[in-house]
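Structural overview for review
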Amino acid sequence: MAKGQQKATVTFLGGVGEIGKNMTAIECGNDIVIVDCGVAFGDEASPGIDAIIPDVTYIKQNMKKLRGILLTHGHEDHIGAIPYYAELFKDTPIYGTSLTIGLLKRKLEKNAKKCKLNVVSAGDTVTLGDMKAEFIKVVHSMGGACALAITTAAGTVFVTGDFKMDNTPIDGKKTDVQRIAEIGAKGVLLMLGESTNVERKGSSTSEKVVGQSLENIFLANTQKRLIIACFASSNYRVQQILTLAHKYNRKVVLAGKSMKAIVEVASSCGELHVPKGVIVDGVGKLLPSETLVLATGSQGEPLSALKKMSKGEFNKINVGPDDLVVLSSCPIPGNEKSVYDVINDLFRKGADVIYDSMNDIHVSGHAYEEELKLMLSLVHPQFFMPVHGEYRHQYKHAEIAKAIGVCSKNIVIPNLGESYGVTSKGIRKHCNVSAGNIYVDGVVLEDGQSVVNDRRSLAEYGMLIVLAAVNLESGKVVGDVDIVARGFNLTDDVEKSIKNAVFEGIGNADMDKANIDEYARNVKKSVRKLFYRDRQFPIIIPVIVKD
């Protein structure tokens, strides 16, 4: 890069090589802005974990440069980590549209008053040190979604955020292609483009198609009670359901805390219009033909309203033959078993269930291949980095960028923790920064990876508790060694080998500094060797007592 030339530095703290946990730092001169700060959720690889948030060590090291946090929209994978870092960011201005900030306030609870939350509208520009950021309207599965054009001394960095090109959006507010084209015509140094649906050919389906399919369901099931489950954050879907309920004289019962929250927040900021009198507190004496239950739980979440209904555990709503349940969603990869377990239980209760994509009861809020091509053509960036996707998504998005004319050497597929300096002359990789997963299990875990590793070992290999009494003066085991096994096949031969290993561990301890802790360490090390040879890793807990 030319000496003395200003550069924009982009550092990836989340959202690359993965779905979720989106967080990117953009730096120029003495200023840093963060784009999004989201969560991912635990899966089979992280048992018992509530949430996974980005490692913000790099931000902590550069807090004096931090000028603000820009939020593209209010989904959990874009705002969900902020409450865990509320204390760190309490003096940092946070910008988002009304629905985004409304949802964040609710998540922050008491900490909302400590944080500097700023509501902006599409078309607004905010100043962040020597940088400026313009919020540009894009269509997504929820209201208030925006792309960002961040002006730096090195050039413009364009962040698409999550988007689609829906020509018939529910609220009539289309993706602002004209403004995006204007920004592209002026010159964009770097584009960061979301890659979620790059594998899907053609263009995404309009949300209005779902409304038409849902209306057909209303018309075909006039005598049944309707139970519709969808993402609570999909306020456009919720809007269509409320409108149809009003049209066909059904009262709506909101089932699930997050559903009640989105209706309250979205309606208060004008992103949801609730027909007067359509929402009631409970089913009461309403006939099935007069009732619609709008529920959370389309992903089979363990504590969700629909899951509880499927188990017969939801207050005053007993699912049966008079019910038609509609899952207005597609299972997120990894959730399939949970979703189908719920569907099976609903069928067992005698309900009819509509859940497959053949019914057009769900559409994605993310751009398909042709829409990604259009966005790249409008922005026409000099440099391009595909984000918000696993590596295969990023790779395919990079191939699309090449096909529409972005020079191959100007395309980089970033990985977590990587940092790149960009000028009009080129792009250069900097040293990696600390990045990765911070685990939350009720609270932020200081050594979350070790906790997760232990849980995996417990699930796969079980646990051994080894109890022995030791005479500290002689350094010998007194009496027999007791072994307790859980989730582990303790045969006589294995038990004998473990006891021999305990005697060996005690005998190898340094008598000059031997104490209870030293004996325990030696026993654990000695017993572990038995299993490592066979690639088994049970949790070993030595309990050594003084005789």
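It should be noted that the structure appears before, not after, this text.
Here's what I pulled together on the structure shown here. In this text the structure is predicted, and so the values were computed from the model without any measurement.

1. Quick word on a nonpolar patch on the surface
- A contiguous nonpolar surface patch, about 310 Å² in accessible area, is contributed by Leu 467, Val 484, Ile 541, Val 543 and Val 545.
- Per-element tally for the nonpolar patch: the top contributor is strand 26 (residues 539-546), with 3 residues.
- The exposure class assigned to Val 484 is partly exposed, which follows from its relative accessible area of 30%.

2. Thoughts on the pattern of salt bridges
- The full count for this structure, using the stated rule, is 24 salt bridges.
- With a closest N to O distance of 3.1 Å, Lys 201 and Glu 369 form a salt bridge. Here Lys 201 is found in the loop between strand 12 (188-194) and helix 5 (207-220), whereas its partner Glu 369 is found in helix 10 (residues 369-379), with 168 residues between them in sequence.
- A relative accessible area of 11% means that Glu 369 is categorised as buried.
- With a closest N to O distance of 2.5 Å, Asp 323 and Arg 225 form a salt bridge. Residue Asp 323 is located in strand 17 (residues 323-327), and its partner Arg 225 is located in strand 13 (residues 225-229); the two are separated by 98 residues in the primary sequence.
- A relative accessible area of 2% places Asp 323 in the buried class.

3. A short note on empty space enclosed by the protein
- Under the criterion given, the structure shown has 2 cavities of 30 Å³ or more.
- Of the volumes computed, that of the largest cavity is approximately 160 Å³.
- Asn 22, Thr 24, Asp 36, Val 159 and Val 387 are the residues nearest the centre of the largest cavity, which is lined by 18 residues in total.
- For the lining of the largest cavity, the elements supplying multiple residues, two or more each, are strand 2 (23-28) and strand 12.
- The residue makeup of the lining of the largest cavity, split by class, is 6 nonpolar, 9 polar and 3 charged.

4. Digging into the packing of aromatic side chains
- Tallying each qualifying case throughout the model produces 4 aromatic pairs.
- Each ring, one from Phe 218 and one from Tyr 248, has its centre 5.8 Å from the other, and the planes form 35°; the classification is tilted. Separated by 30 residues along the polypeptide, Phe 218 in helix 5 and Tyr 248 in the loop between helix 6 (235-247) and strand 14 (251-255) bring together distant segments of the chain.
- For Phe 218, a relative accessible area of 3% corresponds to the buried category.
- On the basis of relative accessibility, which here comes to 24%, the residue Tyr 248 falls in the partly exposed class.

5. Let's talk about the pairing of strand 10 (residues 146-152)
- Of all 7 residues in strand 10, 6 are buried, a share of seventy percent or more.
- In this sheet, strand 10 lies alongside strand 9 (residues 131-137) in antiparallel orientation, the contact comprising 6 bridges. Looking at strand 10, one finds that Ala 133 is bridged to Ile 150.
- In this structure, strand 10 lies alongside strand 11 (residues 155-159), joined through 5 bridges in antiparallel fashion. Bridge assignment links Ile 150 to a residue of strand 11, and that residue is Val 157.

6. As for the environment of Val 39
- You can see Val 39 is positioned in the loop between strand 3 (31-35) and strand 4 (51-54).
- A relative accessible area of 3% places Val 39 in the buried class.
- Taking the C-alpha atoms as reference points, Val 39 and Arg 392, 353 residues apart in sequence, are found 21 Å from one another.
- Excluding anything up to four places from it in sequence, Val 39 contacts Gly 20, Lys 21, Ile 52, Ile 53, Glu 76, Asp 77, Gly 80, Ala 81 and Tyr 84.

7. Some remarks on the sheet that holds strand 20 (residues 419-423)
- Judged by pairing direction, the sheet is mixed, and its 8 strands sit side by side in the order 7-6-5-3-2-1-20-21 without closing on themselves. In this open sheet, the two edge strands, each paired with only one partner strand, are strand 7 (116-119) and strand 21 (426-429). Sheet twist, expressed as the mean angle between neighbouring strand axes with direction ignored, is 20°.
- In terms of strand pairing, strand 3 meets strand 5 (residues 66-70) through 4 bridges, oriented parallel. Its bridge partner lying in strand 5, Val 35 is registered against Leu 70.

8. Considering the nonpolar core
- Ranked by internal contacts, the top residues of the largest apolar core, which has 62 residues, are Ile 59, Phe 89, Leu 292 and Leu 294.
- Setting aside its immediate chain neighbours within four residues, Leu 294 contacts Ile 228, Cys 230, Val 238, Ile 241, Val 252, Val 253, Leu 254, Ala 255 and Met 259.
- Counting residues in each nonpolar core, the second largest holds 31 residues, with Val 120, Leu 148, Leu 189 and Met 385 among its members.

Reading the values: rules and limits
Residues numbered from 1 in each chain as written. Predicted model: local features only at pLDDT ≥ 70, side-chain atom pairs only at ≥ 80, totals over all residues. Heavy atoms only, no water. Patch = residues over 30% accessible without salt bridge, like charges linked within 9 Å, V, L, I, M, F, W, Y side chains within 5 Å. Areas by Shrake-Rupley, 256 points an atom, 1.4 Å probe, with all protein chains shown as cover. Salt bridge = Lys/Arg side-chain N within 4 Å of Asp/Glu carboxyl O. Helix = DSSP H or I, 4+ residues; strand = E, 2+ residues; numbered from the N terminus. Buried < 20%, exposed > 50% of the residue type's maximum accessible area, 1.4 Å probe, protein only. 1 Å grid on protein atoms, 1.4 Å probe; cavity = no way out; pocket = protein on both sides within 12 Å on 5 of 7 lines; lining within 4 Å. Points joined across faces, edges and corners; volume = space filled by probe spheres on them. Nonpolar A, V, L, I, M, F, W, Y, C, P; charged D, E, K, R; others polar. Phe/Tyr/Trp six-rings, centres within 6.5 Å; stacked < 30°, edge-to-face > 60°. Pairing = 2+ DSSP bridges. Contact = heavy atoms within 4.5 Å. Axes fitted to C-alpha atoms, helices over the stretch in contact; angles between N-to-C directions. Core = buried A, V, L, I, M, F, W, Y, C linked by side-chain atoms within 4.5 Å.

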